[in-house]
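Descriptive structure summary
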Amino acid sequence: REIRELIDKVAPSDAHVLVQGESGTGKELVAAEIHAKSARAREPFVVLNCAAVPETLLESEMFGYERGAFTGASQKKPGQFRLADGGTLFMDEIGEMPLAIQAKLLRAIELGEFTPLGAAKGVKVNVRIVAATNRELEELVRLGTFREDLFYRLNVFPIRIPPLRNRKDDIAPLAEHFLRTARPG
């Protein structure tokens, strides 16, 4: 109930959201619900798992590239930021992002603009960021592996999802839901 109240509170705004919680707590479901209840609901909801994309490809995946930007770039490719224009970009596992790319992400958030690889000029976008992590970003900031300024840009509206073992009252309703959806016909 508390998480739903937080979602209802933040959804109408354009505030960036940082969703933190252990793996399997439903961070992507929270992000999708924020998007669905926002004024951006008719626009794209784009998911980028920062841990699933190799470090060498993450920048081109986020910002796209122009034809000929590098060997093998035979055609222009829009990045996730451009695909999410007008909507929401859900950046899962943000704590895994390398420092060099964090700086470029910060600039894109601050300016609402980025430059695709190989492009001569920037591209303006209107994107709401919902970031998620199972890591303690404040600790990563202290360790110097996550930019403090990026943390504060993303942590405008924090939502922490407790693990199910700390929400025992949710077990029965969840089990009933899964039983209903698993029954044929």
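This report concerns the structure included in the present document.

Quick notes on the rules
- Residues numbered from 1 in each chain as written.
- Predicted model: local features only at pLDDT ≥ 70, side-chain atom pairs only at ≥ 80, totals over all residues.
- Heavy atoms only, no water.
- Helix = DSSP H or I, 4+ residues; strand = E, 2+ residues; numbered from the N terminus.
- Buried < 20%, exposed > 50% of the residue type's maximum accessible area, 1.4 Å probe, protein only.
- Areas by Shrake-Rupley, 256 points an atom, 1.4 Å probe, with all protein chains shown as cover.
- Lys, Arg positive; Asp, Glu negative; His and termini not counted.
- Charge placed at Lys NZ, Arg CZ, Asp CG, Glu CD.
- Patch = residues over 30% accessible without salt bridge, like charges linked within 9 Å, V, L, I, M, F, W, Y side chains within 5 Å.
- Salt bridge = Lys/Arg side-chain N within 4 Å of Asp/Glu carboxyl O.
- Contact = heavy atoms within 4.5 Å.
- Axes fitted to C-alpha atoms, helices over the stretch in contact; angles between N-to-C directions.
- Parallel < 35°, antiparallel > 145°, perpendicular 65-115°, else oblique.
- Left-handed = near helix turned anticlockwise from the far one by under 90°.
- Nonpolar A, V, L, I, M, F, W, Y, C, P; charged D, E, K, R; others polar.

**Structural notes on the overall build of the chain**
Secondary structure summary: the chain contains eight helices and nine strands in total. Projected onto the principal axes, the alpha-carbon positions of the chain cover approximately 55 × 45 × 30 Å. Here the chain holds 185 residues, and 41% of them are scored as buried. Accessible surface for the chain amounts to roughly 10600 Å². Of this, 50% is attributable to carbon and sulfur atoms. Taken together, the 26 basic and 26 acidic charged side chains of the chain have centroids lying 4 Å from each other.

**Quick word on a nonpolar patch on the surface**
Taken together, the side chains of Leu-164, Ile-171, Leu-174 and Phe-178 make up a nonpolar region of the molecular surface, amounting to roughly 330 Å² of accessible area. Positionally, Leu-164 belongs in the loop between β9 (157–161) and α8 (171–182).

**Quick word on the environment of Arg-82**
Its location among the elements puts Arg-82 in helix α4 (residues 80–83). Measuring from C-alpha to C-alpha, the distance between Arg-82 and Asn-126 comes to 8.9 Å, with 44 residues separating the pair along the chain. When near neighbours in sequence (up to four residues on either side) are disregarded, Arg-82 contacts Lys-76, Phe-114, Pro-116, Val-123 and Val-125.

**What to know about the packing of helix α1 (residues 2–10) against helix α2 (residues 27–36)**
Two elements in contact, α1 and α2, have axes separated by 9 Å at closest approach and are oriented at 40°. The orientation of α1 relative to α2 falls into the category oblique. As for how α1 packs across α2, the hand of that crossing is right-handed. Together, Ile-3, Ile-7 and Val-10 of α1 and Val-30, Glu-33 and Ile-34 of α2 make up the contact between the two elements. Looking at the contact of α1 with α2 residue by residue, the classes come out as five nonpolar, no polar and one charged.

**Regarding the environment of Ala-51**
Structurally, Ala-51 can be placed in the loop between β2 (45–49) and α3 (55–63). As a C-alpha pair, Ala-51 and Glu-33 span 18 residues in sequence and 22 Å in three-dimensional space. With near-sequence residues (within four places) excluded, Ala-51 lies in contact with Asp-92, Glu-93 and Glu-96.

Any functional reading would require information beyond the geometric quantities listed.
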